[in-house]
Amino acid sequence: MKHMMILYRILFAVAALFTIASCNAPSKDEQTADLDQAQALIEQTDYRSAQSICDEVRHLQSKENVRDARILGRLSILYMKLSDVGDHEENVEYAYQCFLEAFSVDSVAAQEYYNSLSLDDMQQGVLLAGIVRSAINVPSPEIMVEDDSISTDSIM
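This is a predicted model, so every value here is computed, not measured. (Residues numbered from 1 in each chain as written. Predicted model: local features only at pLDDT ≥ 70, side-chain atom pairs only at ≥ 80, totals over all residues. Heavy atoms only, no water.)

## Some details on the environment of Leu100
Operational definition: Secondary structure follows DSSP: runs of H or I at least 4 residues long count as helices, runs of E at least 2 residues long count as strands, and numbering of each begins at the N terminus. Exposed residues in this analysis have more than 50% of their type's maximum accessible area, buried residues have under 20%, and partly exposed residues fall in between, with area computed by a 1.4 Å probe over protein chains only. Residue contacts are counted whenever heavy atoms from the two residues lie within 4.5 Å of one another.
Within the secondary structure, Leu100 is located in helix H5 (residues 88–105). Relative accessible area serves as the criterion here: at 32%, Leu100 is assigned to the partly exposed category. Placed 27 residues apart in sequence, Leu100 and Gly73 show a C-alpha to C-alpha distance of 8.9 Å. Setting aside residues no more than four positions away along its own chain, Leu100 makes contact with Val132 and Ile136.

The structure is reproduced here in structure tokens:
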């Protein structure tokens, strides 16, 4: 009987911790508001603060139960913007990962997001789609020697 009481108390404590942890996780609306703030900070050239917000949201989105295709898509565009001003390779990699994750979570919602990009964001979206396409469809060049010159047949 005493062991059962201890077990019930432990189960109650674990359930309470899960409840508290889930209450502390920012909602999708809060994450969207954070990305709005990151966008505003980029426009104000406060890149460090924008980077910090994007990194925080990306960390939250890495959890299986809170991933959202639209948030991941938005993150990919913000990381592309941040890649223009610093940590180019790292931010392009984050953008690439977010792009793939967005389609992994919900391909329809991801496609709708990218199709709805504003003219201001379209440049980053097109560039990112090209990077992803190139990385996924890396051709293996067939090099042929003809008349003492080298040509590649299968390179895009």
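## Notes on the confidence of the model for the chain
How we decide: Summary of the metric used: pLDDT quantifies the predictor's per-residue confidence within the range 0 to 100.
Confidence in the prediction of the chain, expressed as mean pLDDT, is 78, and 71% of residues score 70 or more. Across the chain, the secondary-structure element scoring lowest on mean pLDDT is strand E2 (residues 149–152), at 36, and the one scoring highest is helix H4 (residues 69–83), at 94. The model gives residues 11–17 a pLDDT under 50, and that stretch makes zero contacts with residues more than four places away or in other chains. Scored below 50 in pLDDT, residues 143–156 makes 21 contacts in the model with residues more than four places away or belonging to other chains.

## So, the environment of Asp36
Of note, Asp36 is situated in helix H2 (residues 28–43). Along the primary structure Asp36 and Ala50 are separated by 14 residues, whereas in three dimensions their C-alpha atoms are 9.8 Å apart.

## Some thoughts on helix H3 (residues 47–61)
Our working rule: Given the number of residues in a helix, its expected span is that number minus one, multiplied by 1.5 Å.
Compared with an ideal rise of 1.5 Å per residue, which puts 15 residues at 21 Å, H3 spans 21 Å between its outermost C-alpha atoms and is within 8% of the ideal. When we look at burial in H3, the residues that qualify are Ala50, Gln51, Ile53, Cys54, Val57, Leu60 and Gln61. In the core, the buried residues of H3 are packed alongside H2, H4 and H5.

## Thoughts on the side chain of Gln39
With respect to the element layout, Gln39 can be found in helix H2. Its relative accessible area of 13% is what places Gln39 among the buried residues. Once residues within four sequence positions are removed from consideration, Gln39 is found in contact with Arg74, Leu78 and Lys81.

## Some points on H5
In this model, H5 (18 residues) spans 26 Å end to end at C-alpha, consistent with the 26 Å of a helix rising 1.5 Å per residue. Of the surrounding secondary structure, the elements contacted by the buried residues of H5 are H3, H4, helix H6 (107–115) and helix H7 (119–136).

## Describing the packing of H2 against H4
For clarity, the cut-off: Each axis is a line fitted through C-alpha atoms, and for a helix only the stretch in contact is used; angles between axes span 0 to 180 degrees, taken between their N-to-C directions. Angle categories are assigned with fixed cut-offs, so that under 35 degrees is roughly parallel, over 145 is roughly antiparallel, 65 to 115 is roughly perpendicular, and the rest are oblique. What makes a crossing left-handed is the near helix being turned counterclockwise from the far one by less than a right angle; a clockwise turn instead makes it right-handed.
Viewed as axis vectors pointing N to C, H2 and H4 meet at an angle of 15°, and their least axial separation amounts to 11 Å. Compared by their axis directions, H2 and H4 come out roughly parallel. Here H2 runs over H4; the crossing is left-handed. Contacts between H2 and H4 involve Lys28, Gln31, Thr32, Leu35, Asp36, Ala38, Gln39 and Ile42 on the former and, on the latter, Ile71, Arg74, Leu75, Leu78, Lys81 and Leu82.

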